[in-house]
Amino acid sequence: MVQPIKRFGQNFLLDKNIIKKIAEVIDPKPGEKIIEIGPGQGALTDLLAESGAEVIAVEIDKRVIEFLSESYPNVEIINQDFLEFDLKKLNSNELRVVGNIPYNITSQIIFKLIENHQIVRDFVFMVQYEVAKRMIAKKGTKDYGILAVLLGYFANAELCFKVSPNVFYPKPKVFSAVVRIDFKKKIDYSLSKIFIRIVKAAFGNRRKTLKNSLSNSIFAQLNFRGCGVDLTLRAEQLDVEDFIKLAEFARKHFSDHIK
């Protein structure tokens, strides 16, 4: 076994029962195009390759590339940082993405997939439990924020099961969880970019009212009066439908300023 590298956020999953449970959540089928992020030494790759799916493993750690290539000749191994990997070059609008995700770049990976939602069908990740709670949080709770709202707009999110630190090497200090995110098919693409900006602006000053948060953002010149949302509320008190109303209002009255 190669030793985990801290800067890559590596915690190798060792428990075969947990690996099998993750594979069951993914439920890979022959012919599907599946991207595995950070296969490491192939714990999950093994089960994915057996399914008959077309597996593309993106691994940043050069030390395991030769091992993976020799062990899984039917898997395409790409030695690259996933955050720099161009998903569009795979020429598919039904990509499935899976992996045990490094805690330090979880949000960046999720935002990348949201940006590519038109070509990604779903993703199944092992993430830090606290992040999983933020992904499925409801309005009015402390975990509710940008991540929950964006996923609520673009996808259906499910926390599948919690995972103990004891099944990893080295053992992390926190619990993990397996999440499944299915992207919705009917997304108003012309609204999505301004929706993301509205959500980020609204949560930019979390403790302030919506009116104050939006006036301290790129939407400072836009008067949201008449948008159909109570501007005295804070962002955490709004549901996805409220943010859609704000985005539609901004698209109608502010579209010339949005690039």
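Structure shown above.
As a starting point, this report considers the structure included with it. (Residues numbered from 1 in each chain as written. Predicted model: local features only at pLDDT ≥ 70, side-chain atom pairs only at ≥ 80, totals over all residues. Heavy atoms only, no water.)

Before going further, it helps to examine unusual backbone geometry. One non-glycine residue with positive phi stands out, namely Asp27, at about 50°. Mapping Asp27 onto the fold places it in the loop between α1 (16-26) and β2 (33-37). Overall, the relative accessible area of 40% leaves Asp27 in the partly exposed class. Positive phi is not limited to glycine here, since Asn91 has a value of about 50°. Looking at the secondary structure, you find Asn91 in the loop between β4 (76-79) and β5 (95-100). (Helix = DSSP H or I, 4+ residues; strand = E, 2+ residues; numbered from the N terminus. Buried < 20%, exposed > 50% of the residue type's maximum accessible area, 1.4 Å probe, protein only.)

What follows concerns the pattern of salt bridges. Here the structure, examined in full by the defined rule, presents 15 salt bridges. Of the charged contacts in the structure, one is a salt bridge between Arg121 and Glu94, with a shortest N-O distance of 3.9 Å. Taken together, the residues span a long stretch of sequence, with Arg121 in strand β6 (residues 120-128) and Glu94 in the loop between β4 and β5 at a distance of 27 residues. Its salt-bridge partner being Glu236, residue Arg234 comes within 3.4 Å of it at the nearest N-O pair. We classify Arg234 as partly exposed; its relative accessible area is 32%. Judged by its relative accessible area of 17%, Glu236 falls in the buried class. (Salt bridge = Lys/Arg side-chain N within 4 Å of Asp/Glu carboxyl O.)

All right, on to the nonpolar core then. In this structure, Phe125, Phe224, Phe243 and Leu246 are the most contacted members of the largest nonpolar core, which totals 66 residues. Ignoring sequence-local partners within four residues, the contact set of Leu246 consists of Ile198, Leu210, Leu214, Phe224, Cys227, Val229, Leu231 and Leu238. (Core = buried A, V, L, I, M, F, W, Y, C linked by side-chain atoms within 4.5 Å. Contact = heavy atoms within 4.5 Å.)

Next up on the list: the sheet that holds β2. Pairing within the open sheet is mixed, and its seven strands lie in the order β4-β3-β2-β5-β6-β9-β7. Of all strands in the sheet, those with a lone pairing partner are β4 and β7 (155-163), marking the two edges. Within the sheet, the average angular offset between the axes of one strand and its neighbour, ignoring direction, is 20°. Sheet analysis places strand β3 (residues 54-59) next to β4, joined by four bridges and oriented parallel. The residue bridging Ile56 from the neighbouring strand is Glu76, located in β4. Of the strands in this sheet, β2, β5, β6 and β9 (176-183) are in contact with helix α4 (residues 106-115), which crosses β6 at around 170°. Packed on one face of the sheet, helix α6 (residues 146-154) meets β7 and β9 and runs near 125° to β7. (Pairing = 2+ DSSP bridges. Axes fitted to C-alpha atoms, helices over the stretch in contact; angles between N-to-C directions.)

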